Amino acid sequence: MKPTLLRWGLLGTAHINRALIPPLRASKRNVLTAVASRSVGKAQSYAREHKIHRALGSYDEMLDDAEIDVIYISLPNHLHAKWAIRSVEAGKHVLCEKPLALSTIEVDALIQASQASGRIITEAFMYRHHPQTLKVQEMVAVGKAGKVRLIKGAFSYNLTRHQDIRLDPAMGGGSLWDVGCYPLSFARTILQAEPEEVFAWQTTAPSGIDDLLVAQARFPGGIFTQFDSGFRLPHRTYIEIIGDAGSIYIPHPFTPGKAENIRYNRADGFHVSLRMPGGDLYRGEVEDIADAVLLGKTPRISLADSKANIAVICALYESALSHKPVLLSSL
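One structure accompanies this document, and this report is about it. (Residues numbered from 1 in each chain as written. Predicted model: local features only at pLDDT ≥ 70, side-chain atom pairs only at ≥ 80, totals over all residues. Heavy atoms only, no water.)

## What to know about the sheet that holds strand 3 (residues 54-56)
Logical step 1: Pairing is parallel across the open sheet formed by six strands, whose spatial order is 3-2-1-4-5-6. Only two strands of the sheet have a single partner each, and these edge strands are strand 3 and strand 6 (121-124). Taking the axes of each pair of neighbouring strands and ignoring which way they run, one obtains an average angle of 25 degrees across the sheet. (Pairing = 2+ DSSP bridges. Helix = DSSP H or I, 4+ residues; strand = E, 2+ residues; numbered from the N terminus. Axes fitted to C-alpha atoms, helices over the stretch in contact; angles between N-to-C directions.)

Right, here's the structure in full:
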């Protein structure tokens, strides 16, 4: 008999966990069971604060726990692939924070481990499941903007913590890995295509990571994407989808809430603000895992999808370092 309830464990005590705890508790098909840290004291303190039933004093202890079905990985970027592989090898399903990995080689290892174990690994791009994103995809698909020619976007903020792991290149730091991955992912999702060529410029922090990156990508059919990401800019998020019949401007594409509006402009001069369907931002990815494990549905974000996004990120970094365009076919 198939299970009807998935028991979750949090691998790590990162701040992002706070976003996942409420939807896990609101779900009828998922339950938060345990949290693991590298020290039992920290795990116990976290469990008390967030009213989690059990605290485990090591990551290995969670992998060995027979009462855990799904592991949420919120560790630093450079540990994602390692612990995702170990988790599925231990018989757990995995929801892993973005970026899923730091190279396509790592993603290939994840694919192999997932297939060998029969367990699911999916990347936690929460916005992909939100009703606003699905509605914008529908608008583009039915031609509200006509033929899409250009997608522009940004995700930036002012990072003031000098010891933040996002500034450490050894831990997968950098603005593109942290937030630039969002406008890139959004463009690929809307176009349902992969870029053929990319070019990027960057400025670097003293540690060597990109604290500002500006990217361009050329997609098949003469479609282009332009976006920027940064740690030394005001907080900015937007996506603008521009076609030959109109445009769609989304002010909160990556962290939409329960009440959002977008701007729809037609080429004939018609302008309107459209109310978008709302929802809990992180609920969708939780229910997506439940659909996949309990109902056998395909996860919305496949490992092939994640690999393609990571391939473009790596190409953009290569371009920024070489000061030359990079063809994706050459990778």
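Still more ground to cover, so stick around.
## Notes on the sheet that holds strand 15 (residues 326-327)
Logical step 1: The strand order 14-13-12-11-7-10-9-8-15 describes an open sheet built from nine strands, whose pairing is mixed. Each edge of the sheet is formed by a strand with only one pairing partner; in this case those strands are strand 14 (271-276) and strand 15.
Logical step 2: With nine bridges connecting them, strand 7 (residues 148-158) and strand 11 (residues 232-243) associate as antiparallel partners. Looking at the pairing, A154 lines up with Y238 of strand 11.

## Side note on the pattern of salt bridges
Logical step 1: This model, assessed by the stated rule, comprises 22 salt bridges.
Logical step 2: Note that E49 and R18 form a salt bridge whose closest N and O atoms lie 3.5 Å from each other. Taken as a pair, E49 in helix 2 (residues 40-50) and R18 in helix 1 (residues 17-26) lie far apart in primary sequence, 31 residues in all.
Logical step 3: For R18, a relative accessible area of 39% gives the class partly exposed.
Logical step 4: Between R166 and D178 there is a salt bridge, with the nearest N and O atoms lying 3.4 Å from each other. On the criterion of sequence distance, the pair formed by R166 in the loop between strand 7 and helix 7 (175-191) and D178 in helix 7 is long-range, its members being twelve residues apart.
Logical step 5: A single salt-bridge network, built from bridges that share partners, covers K98, R161, D164, R166 and D178. (Salt bridge = Lys/Arg side-chain N within 4 Å of Asp/Glu carboxyl O. Buried < 20%, exposed > 50% of the residue type's maximum accessible area, 1.4 Å probe, protein only.)

## Considerations on the layout of surface pockets
One way to see where empty space is left: roll a probe the size of a water molecule over the atoms.
Logical step 1: Of the voids in this model, the largest pocket is the one considered here, and its volume is about 1100 Å³.
Logical step 2: Lining the largest pocket are 35 residues, with A14, H15, I16, S74 and R166 sitting closest to its centre.
Logical step 3: Grouping the constituent residues of the lining of the largest pocket by class yields 15 nonpolar, 13 polar and seven charged.
Logical step 4: Quantified by volume, the second largest pocket comes out at close to 170 Å³.
Logical step 5: Around the second largest pocket, the lining residues are I111, S114, Q115, G118, R119, I120, I121, T298, P299, S302 and L303.
Logical step 6: Sorting elements by how many residues they give to the lining of the second largest pocket places helix 5 (residues 104-117) first, with three residues. (1 Å grid on protein atoms, 1.4 Å probe; cavity = no way out; pocket = protein on both sides within 12 Å on 5 of 7 lines; lining within 4 Å. Points joined across faces, edges and corners; volume = space filled by probe spheres on them. Nonpolar A, V, L, I, M, F, W, Y, C, P; charged D, E, K, R; others polar.)

## Details of helix 7
Logical step 1: Between the first and last C-alpha of helix 7 there are 23 Å, a value that for 17 residues agrees with the 24 Å anticipated at 1.5 Å per step.
Logical step 2: Remark: the principal bend of helix 7, roughly 45 degrees, maps to C181, with a proline, P183, within the next four residues.
Logical step 3: Where helix 7 ends, the next residue or the one after it, Q192, has phi of about 50 degrees, a positive value. (Expected span 1.5 Å × (residues − 1). Bend = angle between axes of the 7 residues up to and from the residue.)

## Focus on the pairing of strand 8 (residues 197-204)
Logical step 1: Strand direction decides the pairing type here: strand 8 and strand 9 (residues 210-219), joined by eight bridges, are antiparallel. Paired with W201 across the strands is V214, a residue of strand 9.
Logical step 2: Counted between consecutive antiparallel strands, the loop separating strand 8 from strand 9 contains five residues, among which G208 sits at a positive phi close to 105 degrees.
Logical step 3: As paired strands, strand 8 and strand 15 are joined by two bridges and run antiparallel to one another. Paired with V198 across the bridge in strand 15 is V326.

## Some words on the packing of aromatic side chains
Logical step 1: According to the stated counting rule, one finds 14 aromatic pairs in the structure shown.
Logical step 2: Seen from their ring centres, F125 and Y182 are 5.2 Å apart, and the 85 degrees between their planes marks the pair as edge-to-face. Residue F125 is located in the loop between strand 6 and helix 6 (131-141), and its partner Y182 is located in helix 7; the two are separated by 57 residues in the primary sequence. As far as the burial class goes, F125 and Y182 line up, both buried.
Logical step 3: Between F199 and W201, the aromatic rings sit 4.6 Å apart at their centres with planes inclined by 75 degrees, giving edge-to-face as the arrangement. (Phe/Tyr/Trp six-rings, centres within 6.5 Å; stacked < 30°, edge-to-face > 60°.)

## Some remarks on the side chain of H129
Logical step 1: Note that H129 resides in the loop between strand 6 and helix 6.
Logical step 2: The exposure class of H129 is buried, given its relative accessible area of 9%.
Logical step 3: Polar side-chain contacts of H129 include one of 3.1 Å to the side chain of R300.
Logical step 4: The residues contacting H129, other than those within four sequence positions of it, are L134, G284, E285, D288, R300 and I301. (Polar contact = N/O pair within 3.5 Å; in protein donor to acceptor, adjacent residues only side chain to side chain. Contact = heavy atoms within 4.5 Å.)

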